[in-house]
Amino acid sequence: MSFKKFSAILLVAAVLTAVVLVVFDGYWPAVFVNSNAISYKRFKEAYTVSVYYYRVGLKATSQDTAILESDEVQKELRRAVLDSLVEQKLIESELGKRLSSRDLSQMIDEKMNQENLNSENFKKGAELLYGLPAEEFKKIVLISQAKREILEGRFILADSINSGQTGGFDEWLKSERAKAKISVLLSGFYWGDGEMKMK
């Protein structure tokens, strides 16, 4: 076999492998936030966790979980998850401007070390409330929460130095949401007036 044929076969195999990963593992974009993609896989993980959490909450309060099966409720949960993921992406982007990845990673590790993530109570709680093993809970929920807290802390510090002149985290977030360029690729949703909306 010639080198050209071998190269062509190798290229086709690489492209097919990439297509399989994108299609079957959900790596295609669901939303673009200022040209940064949120994958369908990330959306699906967050949505699944949200449904599980609400199901547990309804059961705990002796309410009927069948409400989660309605199209209207499912669509609202998807809308809320998409909105939350856009917000997380805006926060991640701002942190990338303010901190080196090494500093951010260190700050996240410090926040994670404040919690007893290896305790049996934590592991049972993550499994019971969110249906996730502790490591997945950390990845999907806690790291995003830590990033938000870190950025909020940066705004609090800036406010104290500038005598409250910065407007604070909430004002920044409202402004960023309003001016963000969001492209929603999932049908049934669009971005308008700084929030995710249903069509």
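Right, let's walk through the structure included here. Just so you know, these numbers come straight off a predicted model, no measurement behind them. (Residues numbered from 1 in each chain as written. Predicted model: local features only at pLDDT ≥ 70, side-chain atom pairs only at ≥ 80, totals over all residues. Heavy atoms only, no water.)

**Focus on the side chain of Thr65**
(1) Moving on: Structurally, Thr65 is set in the loop between α2 (40-60) and α3 (71-98).
(2) Moving on: Not counting residues within four places of it along the chain, the set of residues in contact with Thr65 comprises Arg55, Leu58 and Lys59. (Helix = DSSP H or I, 4+ residues; strand = E, 2+ residues; numbered from the N terminus. Contact = heavy atoms within 4.5 Å.)

**Observations regarding the environment of Leu128**
(1) Moving on: Position of Leu128 among the secondary structure elements: in helix α5 (residues 120-130).
(2) Moving on: Accessibility expressed as a relative area gives 57% for Leu128, which makes it exposed.
(3) Moving on: Note: C-alpha distance between Leu128 and Tyr53 (75 residues apart in sequence) is 8.8 Å.
(4) Moving on: Setting aside anything within four residues of it in sequence, one finds Leu128 in contact with Tyr52 and Val56. (Buried < 20%, exposed > 50% of the residue type's maximum accessible area, 1.4 Å probe, protein only.)

**A few points about the pattern of salt bridges**
Two side chains of opposite charge can pair, provided their charged atoms sit close to one another.
(1) Moving on: Applying the stated criterion to the full structure yields 16 salt bridges.
(2) Moving on: Among the salt bridges present, the one from Arg148 reaches Glu152, with a minimum N-O distance of 3.4 Å. On the criterion of helical spacing, the pair formed by Arg148 and Glu152 is a turn pair, its members being 4 residues apart in helix α6 (residues 134-161). (Salt bridge = Lys/Arg side-chain N within 4 Å of Asp/Glu carboxyl O.)

That is the geometry; function is a separate question.
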